[in-house]
Amino acid sequence: MGKIYLIDVTNRDGVQTARLGLSKLAKTMINIYLNEMGVYQSEFGFPTTKHESNYLQANLRLAEMGILQPIRLGGWIRASAEDVERAYSLVPGIKSLSLSISTSSQMINGKFQGKKNEEDILAMMAEAVDAARSHGAENIGVNAEDASRTDTDFLLRFASVAKEHGAARLRYCDTLGYDNPFTIHKMGKVLAREIGIPIEVHCHGDLGMAVANSVAGAMGVIDGGQDAYINTTVNGIGERAGNADLVAVVLALKKSKGLAGKYRFGTPIRLSKAWKICKYASYAFDVPIPINQPGVGANVFAHASGIHADGVLKDPQNYELYDFKELGRGEPEMVETGREICSGEYSGISGFRHIMGKIAISFETRAEAERVLELARHANVLAQKPLVADELQFIAQYPDIAKELLTLTPLA
Ligand SMILES: [Zn+2]
């Protein structure tokens, strides 16, 4: 039976969301936390976008150093040979790519305005896959944008051309959140069975079904005899109404009726890291976790009404499907209520040494402390909020990598 793999797209779909964004250091921390959680791949950014280059290269170096291992780091670009060339000129070492192009007649006509037809779409995609392979890409996913509104026969042709040219997977994008669990299950099964390659499902929440659709789509793919890949984002942050929430997808697969124990993840998922990554993403995006968010919301293990409180005190399983400890919750959190020294873009050496001392980092020499302080200041310029302990620790531990990913050179 096929397995389920997670490809998290927080660092691509999440950061391209209106009003939201992450610093390059925050994107790096997300990659590190996703790796700790056991996620198969992070779609870590945009290789054709110049301000991403240093961040992407630095993260590929972290992978080479074994720090971002075994997670794969995948870039997202348009499916055109020109974009592939630009991606490899800016980020030569990239191995995993998602190549995206619209496949629905709504988008082909609506976006290209009569300048391209279905045959042109097939040709562009094939040329892009060939170009990526010629540059040594090993893990190519071809994305059918707006797949859920695409004519099935054309989608099947598109997928088989992608396979012929060496794509590892097809990404079925429910770009507008138009599917429901029944329709996406059917399409997942048809694509897996007819094309015979693993299928990714990429779901949005415009109709409130992103998680349900992701799970149902993956079940369809497995029923069709292939491995299924689910696209998630941390806290469901993504375009418009958001993407399938990472933790909710994992909980649904591990805990829901008839699914618990039935489907297996291709990489071991450590749910105990959920609390840490969700809290961090909330801080980094400046978006609070909703009180009722599955797994990590403040109310998910809170009981007030008499019957529920009595029931959960007698046996938590009366009113809870899973335990807070499974998600890494339960540790008391220290919140400073008095004097506090924070990191900032104008920090000085004395305050900085105090902050680092509190997280048990000391420096051999003043020069070393000053170098790390300078990097932390630059990180603060990009983040515009105090750095968290893990970020400071990262900068102190990998100053060369930090320097690379913090470097933006718009005038070069
Ligand atoms: Zn999307």
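Look up: the structure comes first, before these words.
None of the values given here were measured: they were computed from a predicted structure.

Definitions and cut-offs
- Residues numbered from 1 in each chain as written.
- Predicted model: local features only at pLDDT ≥ 70, side-chain atom pairs only at ≥ 80, totals over all residues.
- Heavy atoms only, no water.
- Pairing = 2+ DSSP bridges.
- Helix = DSSP H or I, 4+ residues; strand = E, 2+ residues; numbered from the N terminus.
- Axes fitted to C-alpha atoms, helices over the stretch in contact; angles between N-to-C directions.
- Phe/Tyr/Trp six-rings, centres within 6.5 Å; stacked < 30°, edge-to-face > 60°.
- Buried < 20%, exposed > 50% of the residue type's maximum accessible area, 1.4 Å probe, protein only.
- Lys NZ or Arg CZ within 6 Å of the ring centre and 35° of its normal.
- 1 Å grid on protein atoms, 1.4 Å probe; cavity = no way out; pocket = protein on both sides within 12 Å on 5 of 7 lines; lining within 4 Å.
- Points joined across faces, edges and corners; volume = space filled by probe spheres on them.
- Nonpolar A, V, L, I, M, F, W, Y, C, P; charged D, E, K, R; others polar.
- Donors = N, O, S within 2.8 Å, 3.2 Å for Na, K, Ca; no water.

A.B. asks: Teacher, can you tell me more about the sheet that holds strand β1 (residues 4-8) here?
C.D. replies: Adjacent strands of a sheet form backbone hydrogen bonds with each other and so pair up, either parallel or antiparallel. Taking strand neighbours around the barrel as the criterion, the eight strands line up as β1-β2-β3-β4-β5-β6-β7-β8 in a closed arrangement whose pairing is parallel. For this sheet the average axis-to-axis angle between neighbouring strands, irrespective of direction, equals 25°. Looking at chain direction, β1 and strand β2 (residues 41-45) are connected through two bridges and run parallel. From the neighbouring strand, Ile-7 faces β2, where its bridge partner is Gln-41.

A.B. asks: Help me understand the packing of aromatic side chains in this model?
C.D. replies: We describe a pair of aromatic rings using the distance from one ring centre to the other and the angle between the two ring planes. With the rule as written, the count across this model stands at eleven aromatic pairs. The interplanar angle of 75° and the centroid separation of 5.4 Å between the aromatic rings of Tyr-40 and Tyr-229 together place this pair among those described as edge-to-face. Taken together, the residues Tyr-40 in the loop between α2 (24-37) and β2 and Tyr-229 in strand β8 (residues 228-232) connect sequence positions 189 residues apart. Given a relative accessible area of 10%, Tyr-40 falls into the buried group. On the basis of relative accessible area, Tyr-229 is assigned to the buried category, the value being 7%. What links up through ring pairs into an aromatic cluster is the set Tyr-5, Tyr-40 and Tyr-229. Geometry around Phe-112 places Lys-116 over its ring, the cationic atom sitting 5.9 Å from the centre. The ring of Tyr-283 carries the charged tip of Lys-385 above its face, separated from the ring centre by 5.5 Å.

A.B. asks: Where do I start with the layout of surface pockets in this structure?
C.D. replies: The rolling of a water-molecule-sized probe over the atoms marks out the regions of remaining empty space. Here the largest pocket defines a volume of roughly 1300 Å³. Secondary-structure elements contributing two or more residues to the lining of the largest pocket are α11 (274-285), α13 (349-358) and α15 (389-397). It is α11 that contributes the most residues to the lining of the largest pocket, six residues altogether. Looking at side-chain class alone, the lining of the largest pocket contains 17 nonpolar, five polar and ten charged residues. Volume-wise, the second largest pocket comes out at about 460 Å³. Considering the residues around the second largest pocket, the lining is formed by 24 residues, among which Trp-76, Arg-78, Ser-100, Lys-111 and Glu-145 are closest to the centre.

A.B. asks: Sorry if this is basic, but what is going on with the coordination of the zinc ion here?
C.D. replies: A four-donor tetrahedral metal ideally has 109.5 degree angles, and a six-donor octahedral metal ideally has angles of 90 or 180 degrees. Within the first shell, the zinc ion binds the protein through Asp-13 (OD), His-202 (NE2) and His-204 (NE2), at distances of 2.0 to 2.1 Å. The motif formed by the donor residues of the zinc ion, counted along the single chain, is D-x188-H-x1-H. Of the two residues examined, His-202 and His-204, each falls in the buried class.

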